[in-house]
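Summary of structural features
Each chain is listed here by its residues.
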Amino acid sequence: MIPPEIHVATLVRARRERVYDALTRADELDEWFTSGAAVDARPGGEMVWRWVDWGPNAYTGEDRGPVLEARRPERFVFQWQVALGGTTVEIDFAEHRDGTLVQLREHGYPDTPRGWEQHLSCATGWGEALTLLKFWVEHGVRY
């Protein structure tokens, strides 16, 4: 069986630097997605995602992992989901005539029932997150 991967993309009508910063700076993340994030956006740094009463299920929790690659405004790569053995999230920011094409790939999910459950949750979650990112950067809409 092929290990599960997530692939999502969205167009954000803004310059790559603006979009990159919205995903890699804690103060920006906290405006549209997290509550108390911490980001050391350099290789070897750490990314900490925190949520408090997030979404319809009022999720409260956190995840963290190392930053593997940080090339502003082109690419950002980190790991998280340590409880599953760690997954890798690769985000590329491509120039587009209408702004920035954000392309996200997450891989490394184990081929287990828990791995598939988390994969499905994150597949919908990343789609929602990129939509929220778009609304924040383009219109200043907070979560």
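Up top is the structure these notes are about.
The structure contained in this document is the topic of the report that follows.

About the thresholds
Residues numbered from 1 in each chain as written. Predicted model: local features only at pLDDT ≥ 70, side-chain atom pairs only at ≥ 80, totals over all residues. Heavy atoms only, no water. Axes fitted to C-alpha atoms, helices over the stretch in contact; angles between N-to-C directions. Helix = DSSP H or I, 4+ residues; strand = E, 2+ residues; numbered from the N terminus. Parallel < 35°, antiparallel > 145°, perpendicular 65-115°, else oblique. Left-handed = near helix turned anticlockwise from the far one by under 90°. Contact = heavy atoms within 4.5 Å. Nonpolar A, V, L, I, M, F, W, Y, C, P; charged D, E, K, R; others polar. Salt bridge = Lys/Arg side-chain N within 4 Å of Asp/Glu carboxyl O. Phe/Tyr/Trp six-rings, centres within 6.5 Å; stacked < 30°, edge-to-face > 60°. Buried < 20%, exposed > 50% of the residue type's maximum accessible area, 1.4 Å probe, protein only.

A few words now on the packing of helix α1 (residues 16-24) against helix α3 (residues 113-139). Between α1 and α3, the least distance of the axes is 10 Å, while the angle of their chain directions is 125 degrees. Here α1 lies oblique to α3, going by the angle between them. The interaxial crossing formed by α1 with α3 has right-handed handedness. Residues R18, V19, A22 and L23 of α1 form the contact with α3, whose own contacting residues are L133, W136 and V137. Looking at the contact of α1 with α3, its residues break down into six nonpolar, no polar and one charged.

Right, let's get into the pattern of salt bridges. According to the stated counting rule, one finds 19 salt bridges in the structure shown. With a shortest N-O distance of 3.0 Å, E28 and R18 are connected by a salt bridge. Of the two residues, E28 is situated in helix α2 (residues 26-32) and R18 in helix α1; the sequence distance between them amounts to ten residues. With a shortest N-O distance of 3.3 Å, E46 and R64 are connected by a salt bridge.

A few words on the environment of H139. Structurally, H139 can be placed in helix α3. Spatially, the C-alpha atom of H139 lies 13 Å from that of V19, the residues being 120 residues apart in sequence.

Applying the stated criterion across every chain, the model contains 15 aromatic pairs. Ring geometry for W49 and W80: centres 5.4 Å apart, planes at 45 degrees, overall tilted. Of this pair, W49 sits in strand β3 (residues 46-54) while W80 sits in strand β5 (residues 75-80); the two residues are 31 residues apart in sequence, bridging distant segments of the chain. Each member of the pair, W49 as well as W80, is classed as buried. Ring geometry for W49 against W126: centres 6.0 Å apart, planes inclined by 85 degrees, an arrangement best described as edge-to-face. Of this pair, W49 sits in strand β3 while W126 sits in helix α3, and the two are 77 residues apart along the sequence.

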